[in-house]
Amino acid sequence: MPIQWFPGHMHSTRKAISERLPEIDVVIELLDARLPGSSANPLLAELTQGKPALKVLNKQDLADPELTTLWLDHYQAQAATRALGLDASAAAPARQLVAACRALAPLRGGMVKPLRVLICGIPNVGKSTLINTLMGQRSAKTGDEPGITKAEQKLVLASDVYLFDTPGMLWPRITVEQTGYHLAASGGIGRNAYDEEEVALVLLASVRPRYGHRLQERYKLGDIAALGDEALLAEVGRKRGGLLPGGRVNMQKAAEVAINDFRTGAWGRITLETPEEFLRWWAHGQVLDAQRSARREALTRKKTPDRSLQADTTTTKTGPKPPVEP
Ligand code: G4P
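What counts as what
Residues numbered from 1 in each chain as written. Predicted model: local features only at pLDDT ≥ 70, side-chain atom pairs only at ≥ 80, totals over all residues. Heavy atoms only, no water. Buried < 20%, exposed > 50% of the residue type's maximum accessible area, 1.4 Å probe, protein only. Helix = DSSP H or I, 4+ residues; strand = E, 2+ residues; numbered from the N terminus. Pairing = 2+ DSSP bridges. Salt bridge = Lys/Arg side-chain N within 4 Å of Asp/Glu carboxyl O. Phe/Tyr/Trp six-rings, centres within 6.5 Å; stacked < 30°, edge-to-face > 60°. 1 Å grid on protein atoms, 1.4 Å probe; cavity = no way out; pocket = protein on both sides within 12 Å on 5 of 7 lines; lining within 4 Å. Points joined across faces, edges and corners; volume = space filled by probe spheres on them. Nonpolar A, V, L, I, M, F, W, Y, C, P; charged D, E, K, R; others polar.

1. Points about the pairing of strand β2 (residues 53-58)
The element β2 is largely enclosed, with a buried count of 6 among its 6 residues. Here β2 shows no split at all, with Ala53, Lys55 and Leu57 on one side and Leu54, Val56 and Asn58 on the other all buried. Bridge count between strand β1 (residues 26-32) and β2: 6 bridges; the pairing is parallel. Bridge assignment links Val27 to a residue of β2, and that residue is Ala53. As paired elements, β2 and strand β3 (residues 81-85) share 5 bridges and run parallel to each other. In the strand pairing of β3, Ala53 is matched with Thr81.

The following block contains the structure:
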């Protein structure tokens, strides 16, 4: 069953970001390098259309370097966009971030036109860690200034480069089924929103085509090609203390082990999706979304014939909002 995740209203975040955006020169979007497509919030793409964007693939120490390069190339090919990989061990992330932001907004800089940058990212991508590192570097936090709420921070990255933290919470949004599973596996959505066994099964299915040999090594398994995902998960449990009295496998325990091993990098550096795969899922998600909207509209029309006429007129006037490609 697809993961249902309703993290609450994003209206205040949307409003706060839109209000801040006119004075922002570059938007940094922090992504999880293991699942760049799934860890992006489509709302942000919608809000920041046209703004120069820096995609930071964080936690690159946990991701497959070859696929990180694929993702960086994918983003670099987009208009007004740059991309770089980063991880918590980077000695001087400010220097890299500042250089990339300056390249995106070459007309900004200097005391008269300081470069203003907004940093965004869904929870758990490592924003606090990065900001703490930046604050520990030569940047300083400034607080009581007009327009800067308590929830919002402004860091001085260089004398003429200011970094603003996103006002409000940019929750992840599940646009396609696979995205939900990848977010759950990485720890990007609340524990109560998913079933661990189901997530572990999808995780193993995602990982085994590219990294099956790592699973074999980790759990000392022979050839796993003939094993189904459930049998593979049972093997994980069998090898990692998940046996119940009578020899049955505790699948819940097996799932916890698999998810934890992925999160901590025990399987090595792994990326769950390529740009090509993600774009395919995303396109499929758009089709399903359109079908759902059409069904809803048809239902509304059936129930309230008069109002449906009004709705039709509005749609014709404004047209449906085009989807923003991730
Ligand atoms: P957030 O503000 O975006 O919500 O994320 P936060 O910085 O709290 O980071 C979430 C988790 O990701 C933390 O681990 C943090 O240590 C880890 N993390 C952040 N950046 C990197 C990175 O570049 N590489 C790796 N490998 N991990 C990173 P945690 O286990 O939740 O907390 P902690 O025990 O490390 O404090």
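2. Some thoughts on the pattern of salt bridges
Enumeration according to the criterion identifies 16 salt bridges in this entry. Across the salt bridge formed by Asp32 and Arg34, the nearest N and O atoms sit 2.7 Å from each other. Residue Arg34 is classed as buried on the basis of its relative accessible area of 2%. For Asp261, the salt bridge is made with Arg218, and the minimal N-O distance between the two is 3.2 Å. With Asp261 in helix α9 (residues 251-264) and Arg218 in helix α7 (residues 196-218), this residue pair connects regions lying 43 residues apart in the sequence. Assessed through its relative accessible area of 28%, Arg218 is described here as partly exposed.

3. What about the packing of aromatic side chains?
For the coordinates displayed, the defined rule picks out 3 aromatic pairs. When the ring of Trp71 is compared with that of Phe278, the centres are 6.4 Å apart and the planes differ by 55 degrees; the resulting orientation is tilted. Of this pair, Trp71 sits in helix α3 (residues 65-76) while Phe278 is found in helix α10 (residues 275-303), placing the two residues 207 residues apart along the sequence. Clustering of aromatic rings is evident, with ring pairs tying together Trp71, Tyr75 and Phe278.

4. Some remarks on empty space enclosed by the protein
This model, assessed by the stated rule, comprises 2 cavities of 30 Å³ or more. The wall of the largest cavity is formed by Asn58, Leu86, Asp87, Ala88, Pro93, Gly126, Thr129, Leu130 and Thr133. Looking at which element gives the most residues to the lining of the largest cavity, the answer is helix α5 (residues 127-136), with 3 residues. Residue composition of the lining of the largest cavity, grouped by class: 4 nonpolar, 4 polar and 1 charged. Each pocket or cavity is described by its volume, and for the second largest cavity that value is around 40 Å³. Forming the walls of the second largest cavity are Asp32, Ser39, Ile122, Pro123, Asn124, Val125, Leu183, Ser186, Gly187 and Gly188. Its residues assigned to classes, the lining of the second largest cavity comprises 4 nonpolar, 5 polar and 1 charged.

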